[in-house]
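Tertiary structure, described
Given next are the chains, with one letter for each unit.
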2 protein chains.
Amino acid sequence: MTALRVIPLGGLGEIGRNMMLYEYGEDMIAVDVGLMFPEEEMLGVDLVIPEITYVMDDPSKLKAVFLTHGHEDHIGALPFLLKEVNVPVFCTRLTRGLVEVKLREHKLHQTAQVNVVEVGQTVNVGAFGVEFFSVSHSIPDAAGLIVHTPLGPVVHTGDFKIDHTPVMDQHTDLQRLAEIGREGALLLAMDSTYVEIEGYTPSEQTVAESLDRAIADAPDRVIVTTFASLISRIQMVIDAAEKHGRRVFVTGRSMVNNVQMARDLGYLRVPAGIMMNAREMTEHPTAKTVIICTGSQGEPTSALTRMANGTHQNVTIQRDDTVILSSNPVPGNEMLVYRNIDNLYRAGAHVIYNRLAPVHVRGHASQEELKIIHRIVRPRHFIGIHGEYRHLVLHRQLAISLGMSEEDAITMTNGDVLEIDEDGARIVDQVSAEYVYVDGLGVGDVDHIVLRDRQHLASDGMVVVVVALNRQLGELLRPPEVMSHGFVGPEEEPEIIEGVQSVVMNVLGGERQHVDWTGIRETLKDDVATYLHQQTHRRPLVLPITVEV
Amino acid sequence: MTALRVIPLGGLGEIGRNMMLYEYGEDMIAVDVGLMFPEEEMLGVDLVIPEITYVMDDPSKLKAVFLTHGHEDHIGALPFLLKEVNVPVFCTRLTRGLVEVKLREHKLHQTAQVNVVEVGQTVNVGAFGVEFFSVSHSIPDAAGLIVHTPLGPVVHTGDFKIDHTPVMDQHTDLQRLAEIGREGALLLAMDSTYVEIEGYTPSEQTVAESLDRAIADAPDRVIVTTFASLISRIQMVIDAAEKHGRRVFVTGRSMVNNVQMARDLGYLRVPAGIMMNAREMTEHPTAKTVIICTGSQGEPTSALTRMANGTHQNVTIQRDDTVILSSNPVPGNEMLVYRNIDNLYRAGAHVIYNRLAPVHVRGHASQEELKIIHRIVRPRHFIGIHGEYRHLVLHRQLAISLGMSEEDAITMTNGDVLEIDEDGARIVDQVSAEYVYVDGLGVGDVDHIVLRDRQHLASDGMVVVVVALNRQLGELLRPPEVMSHGFVGPEEEPEIIEGVQSVVMNVLGGERQHVDWTGIRETLKDDVATYLHQQTHRRPLVLPITVEV
């Protein structure tokens, strides 16, 4: 009896970097290939992507990639996978639009095969039939997948919520899920991001009303920021602008690109004549202007951050501007976002953010919505996906509280191999599923040693000691040269340098003949480090350089 | 007519580092001298303290320091001030206990003059009479101050909330405030930390009930973490342990010290025989054990973090341990706290934190409490203190919404000089009130240049190029030596080093006589940096070292 193997390479026990493998016999498919933005201590790292060693062990097995929606944490690492193994990709139309931008940056757009699938359609690859179903989420064209396998269907929700009054008419297809549930689902793999939140996630409609009111009441210019992929939110702002006789200016690279792409593909309804360019904006009355911009996460180079800091090319914050943050800070970005809010207030703006008015709702299902899916799918087995480890544990507890047995509700972690057959489901193996760091052009070369060195340099800087020796005479050719970076301020530096020079002279001087030339760098390093710690209680990286002539 | 001058040196437009000066004629007093914990980009910085240049311009003016309560953000920078100007300090008894620990560390306990004041008492210094009044806050013996001046009384709340059922019988003295209000207050300077929060902050009593239930229901050992200064919370845990027949083990340096100090001063009621030492704990049944420990903010070396990581000396997390986080993450600490929670779940513990059960309440007043103080004090002028800039703006709006005039409700920022006389209040000047960074033994020497260098080193590491030249012959004495730290991984390094060596040879080789020896370091630096960026898209710090013989 062949078993179904389920192998998460990312997205379990972490937010982002989502990637899941389903494997049956000689066939394997991947669902999503996302990236994660680096955490604080991953110094200098640009992106974190899944490790695909397991896939590359036998790349011929991988038949296709399926993408649930176009967010970075679900598609961002796709180019890195396709460079290694160029399999067909299947996704909805808007997702393809977003993927193509990315493939072009990586010069893969000529070779990659990205196919559009409509919800309701099924793609057959090897042993699998992969059916797309519609879900509500904070981006249009989001889909969940029903992976039909010889052992029964797997429901893989992707990111979703249940919104009965969505703005762009995109419902989570409860009927199809109920059908699958009646037929008997083998496995439910469900979004767990907001399992800590009681009750229901409010509808996007509530945000539409808040935004409309805020724009109606604004005394002068309005500036709105949100996620560039949150097309439905951008639509709301355009609708409110139209209703209140305002024109719209879009700024920030990703916002401009996404608005353009969404217009081209028909996902954004933009009334004729409502969009302005920069020249028109300077001539248009500010009280009739709405600016939509990037910067909802306080990104340092984004449009809103530049405005808050007074360095934006076209927009200077004026007293009585109203700035609306139609977004929540993603965990880790709180300080940046609140710093922008403070700076906007300093510049005299009114600021409307989620603590003050309901100008944002979450894109993920809360507890009551999760329960609905559990009840209508009634799967044989359950795993929580998309979430930190605590979310997966809590989601399992939720499943058990709804009547599932302890053995059938499983908490997995990245790299676990779950085997399911008619006898049940169990974790049978572990494959490598580490963080792979992307830094500049390097993929995977930055490891924990490089990061530890960066951490060391970051916390106390460095001191270089250059010693030129005449080896034969055992004499210094010149006074030792000492340089520091990121260690002490300019006023303190001369005294420290002088002190280090005496330490060096001590090491080398005196009983010259006894100096252990081979260990000289180690001795210098230790003695200088000890001296510097005594003087400053700091531990810079000490780099002794000896030039022997 | 002499005016009252109000000069915040910290705590306005930032959380922490609270310090306020009140000045009348030749007399000046300071209220609180707190520190701030460094933000993410303040690499390697240990503490941030207020700049006291203004005080030191005429130190004889400063007559005394008054402390509202014993939290670090109100007392932590006191030793740095007293080292410069040793004036008397006045505070309540527990605050003195906490201050003395700190002064001892700085070897100031022999010289400092720290005087205990009871609430209700008034201390006269120069033109000022400073009266202490009781407030509820998340530490015992917290006080607000009524600063009596020739122009009328100033109410300086310090941190506070209104709790009608406090656990240690510490009420905010609304009666005295109402009395001051009836007599006519000149200025109200009020805590703004939670002005964004609607309604009331719940009573500590609600936490007592949740903790009691959690400890009663726990299947096996219980581990509780909270702020080490939150004595009332520690009391609740001891009370619940006693009620449910459990004994208590305390671990983590600051928790052990604070529990000891609070017992000695009579702030903690510890039934005889309930406390255990480490040896007793290992022999005591786990189902009858409660551990109180540090680590509520995910601090890397704290007891709870060690337990979560499996590296604690005495405590290994077992399946069915219950861990209670009776605290919220302070902004900026979210990632560390949630990482601990995830790791505790991985180790098999049950975890109870604030998203799941009401095991913590805030220590600051919410909107409705702030309104009560505004209404009973009815001051001539108002300033928001303690909070980020947005909090101060929102608090001013709140004051205006309660009927105060636009001119009388003032938003100040650190260094502003507010002058108040019978004609009104206005900002008349700005004094320097920058961040002063403490790093090791250095106070103030780490500046933005040092931090910029650390940032640079942190993001891409460094590359050192050593070139030994015979200047007369214009020849290299040996092949250039190249070293890197925090730049690339060990596998990539040899190729990069070889590449840098050729770049160096190119710069120095060829038409030897044309080499500009004086600019050689700059040329090497530029060429190597360009090469490295081409190869890696990273920008390490390049340090060329030339030794000429």
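Treat the numbers as computed from the prediction; the structure is a model and nothing was measured.

Reading guide: rules and limits
Once a new chain begins, its residue numbering starts again from 1 and follows that chain's sequence as written. Written order determines the labels here, with chains lettered from A and ligands numbered from 1. Local features in this predicted model are restricted to residues whose pLDDT is 70 or higher, and side-chain atom pairs enter the listing and the counts only when it is 80 or higher, whereas totals over whole chains, interfaces and linings include all residues. The side-chain quantities take in all heavy atoms of the structure and omit both hydrogens and water. These domain boundaries are the output of an automatic or database domain assignment. Stacked, tilted and edge-to-face are the three classes assigned to paired rings of Phe, Tyr and Trp, where Trp is represented by its six-membered ring and a pair needs centres within 6.5 Å; plane angles under 30 degrees give stacked, over 60 edge-to-face, the rest tilted. Helix numbers and strand numbers start at the N terminus; a helix is a DSSP run of H or I with at least 4 residues, a strand a run of E with at least 2. We call a residue buried when its accessible area falls under 20% of the maximum for its residue type, exposed when it is over 50%, and partly exposed in between, using a 1.4 Å probe and counting protein chains only. Geometrically, a lysine NZ or arginine CZ counts as sitting over a ring once it is within 6 Å of the ring centre and also within 35 degrees of the ring normal. At least two bridges found by DSSP between two strands is the condition for calling them paired. Whether two residues are in contact is decided by their heavy atoms, any of which lying within 4.5 Å being enough. Axes, fitted as lines to C-alpha atoms, cover a helix only where it is in contact. Angles between the N-to-C directions of the axes lie from 0 to 180 degrees. Only residues with pLDDT of at least 70 in both copies contribute their C-alpha atoms to the least-squares superposition of the copies. Computed over the protein atoms alone on a 1 Å grid, cavities are sets of points where a 1.4 Å probe fits but cannot get out and pockets are open sets with protein on both sides within 12 Å along at least five of seven lines; a residue lines them when it has an atom within 4 Å of a point. Grid points are joined across faces, edges and corners, and a volume is the space filled by probe spheres set on the points. Gly is put with the polar residues, along with every residue not named as nonpolar or charged; the nonpolar set is Ala, Val, Leu, Ile, Met, Phe, Trp, Tyr, Cys and Pro, and the charged set is Asp, Glu, Lys and Arg. Put simply, buried area is the surface a 1.4 Å probe can reach on two separate parts but cannot reach once they are joined, added for both. Whenever a carboxyl oxygen of Asp or Glu lies within 4 Å of a side-chain nitrogen of Lys or Arg, that contact is scored as a salt bridge. For the purposes of these results, a polar contact is taken to be a pair of N or O atoms within 3.5 Å, where, inside protein, one atom must be able to donate a hydrogen and its partner to accept one; residues adjacent in sequence count only when each atom of the pair is a side-chain atom. Roughly parallel means an angle under 35 degrees; roughly antiparallel, over 145; roughly perpendicular, 65 to 115; everything else is oblique. This arc is taken over the directions from the axis of the helix to the C-beta atoms.

Taken as a whole, chain A is organised into domain 1 (4–199 + 362–439), domain 2 (205–352) and domain 3 (448–548). Here domain 2 of chain A and domain 3 of chain A have C-alpha centroids that lie 53 Å from each other.

Moving on, we come to the packing of aromatic side chains. Tallied over the full model, the rule gives eight aromatic pairs over all chains. Ring geometry for Phe-66 of chain A and Phe-132 of chain A: centres 6.2 Å apart, planes at 50°, overall tilted. One end of the pair, Phe-66 of chain A, is in strand 5 (residues 62–66); the other, Phe-132 of chain A, is in strand 9 (residues 128–134), and 66 residues separate them in sequence. According to the relative accessible area criterion, Phe-66 of chain A is buried, its value standing at 0%. Note on Tyr-338 of chain B and Tyr-353 of chain B: the rings are 6.3 Å apart at their centroids and 70° apart in plane angle, and the pair reads as edge-to-face. Here Tyr-353 of chain B lies in the loop between strand 18 (350–352) and helix 12 (367–377) and Tyr-338 of chain B lies in helix 11 (residues 334–346), a separation of 15 residues in the sequence. Here Tyr-338 of chain B and Tyr-353 of chain B have matching classes, each one buried. Of note, Arg-362 of chain A hangs over the ring of Tyr-194 of chain A, and the distance from its end group to the ring centre comes to 5.2 Å.

Looking now at the pairing of strand 17 (residues 322–325) of chain A. Residue and element names in this part refer to chain A. What you see with strand 17 is no split at all: Thr-322 and Ile-324 on one side and Val-323 and Leu-325 on the other are buried throughout. Examined bridge by bridge, strand 13 (residues 222–225) and strand 17 share four bridges and lie parallel to one another. Note on strand 17: the bridge partner recorded for Val-222 is Thr-322. As judged from the three bridges shared by strand 17 and strand 18 (residues 350–352), these two strands associate in the parallel manner.

This part covers the pairing of strand 13 of chain A. Residues and elements named next belong to chain A. Along strand 13, one buried face is formed by Val-222 and Val-224 and the opposite face, lined by Ile-223 and Thr-225, is buried too. For strand 13 and strand 16 (residues 289–293), the ladder comprises four bridges, and the chain directions are parallel. Each residue of the ladder has a partner; that of Val-224, found in strand 16, is Ile-292.

In a beta sheet, neighbouring strands pair by backbone hydrogen bonds and run either parallel or antiparallel. All names here are of chain A. Taken in spatial order, the seven strands make up an open sheet running 8-9-10-11-12-19-20, and their pairing is mixed. The open sheet is flanked by strand 8 (122–125) and strand 20 (409–410), the only strands paired with a single partner. Where strand 8 and strand 9 come together, four bridges link them in antiparallel fashion. Paired with Asn-124 across the strands is Gly-129, a residue of strand 9. Sitting on the sheet, helix 5 (residues 174–183) is in contact with strand 9, strand 10 (143–149) and strand 11 (152–156), with an inclination near 20° to strand 10.

This brings us to the relation of the copies chain A and chain B. Each copy superposes on the other: chain A lies on chain B with an RMSD of 0.1 Å after a rotation of 180° and an axial shift of 0.0 Å. When the rotation and shift are considered jointly, the pair of chain copies conforms to a two-fold rotation axis. Residues of chain A ranked by C-alpha distance from the rotation axis are headed by Ala-458 of chain A, positioned 2.3 Å from it. Comparing contact sets, 100% of the residues at the interface of chain A also lie at the interface in chain B, consistent with an isologous, same-surface contact.

This paragraph deals with unusual backbone geometry. The residue Asp-32 of chain B is not glycine, and still its phi comes out positive at about 65°. In this fold, Asp-32 of chain B is placed in the loop between strand 3 (27–31) and strand 4 (47–50).

Attention shifts here to the sheet that holds strand 22 (residues 424–430) of chain A. All names here are of chain A. Taken in spatial order, the eight strands make up an open sheet running 7-6-5-3-2-1-21-22, and their pairing is mixed. On the outer flanks of this sheet lie strand 7 (114–116) and strand 22, each paired with one strand and no other. The average angle at which neighbouring strand axes cross in this sheet is 25°, direction not considered. Note that strand 1 (residues 4–10) and strand 21 (residues 416–421) share three bridges and pair antiparallel. If you follow Leu-4 over to strand 21, its bridge partner there is Ile-420.

What follows is about empty space enclosed by the protein. Residue and element names in this part refer to chain A. For the coordinates displayed, the defined rule picks out six cavities of 30 Å³ or more. In this structure, the largest cavity spans a volume of roughly 130 Å³. Lining the largest cavity we find 15 residues, and of these His-137, Pro-166, Gln-170, Glu-204 and Ser-232 sit closest to its centre. A per-class count over the lining of the largest cavity returns six nonpolar, five polar and four charged.

Counting residues at the interface gives 68 residues for chain A and 69 residues for chain B. Summing the contributions of chain A and of chain B, the shared interface buries around 5800 Å²; its carbon and sulfur component is 56%. Here Arg-538 of chain B ties to Asp-445 of chain A by a salt bridge, and the two come within 2.7 Å at their closest N and O atoms. At the junction of chain A with chain B, the criterion picks out 30 residue pairs in polar contact (both at pLDDT 80 or more). The element best represented in the side of chain A that touches chain B is helix 11 (residues 334–346) of chain A, accounting for eight residues.

Time to look at the packing of helix 5 of chain A against helix 12 (residues 367–377) of chain A. All names here are of chain A. Between helix 5 and helix 12, whose axes approach to 7 Å, the crossing angle comes to 40°. Viewed along their axes, helix 5 and helix 12 adopt a mutual orientation that is oblique. Residues Leu-174, Leu-177, Ala-178 and Gly-181 of helix 5 form the contact with helix 12, whose participating residues are Ile-372, Ile-373, Ile-376 and Val-377. Here the contact of helix 5 with helix 12 is built from residues that sort into seven nonpolar, one polar and no charged.

Before going further, it helps to examine helix 12 of chain B. Residues and elements named next belong to chain B. All of the buried residues along helix 12 are Gln-367, Glu-369, Leu-370, Ile-373, His-374 and Val-377. Along the axis of helix 12, the buried residues cluster in a sector spanning 165°; they form a single face. Considering only its buried residues, helix 12 is in contact with strand 11 (152–156), helix 5 (174–183), strand 12 (187–191), strand 19 (381–385) and helix 13 (389–401).

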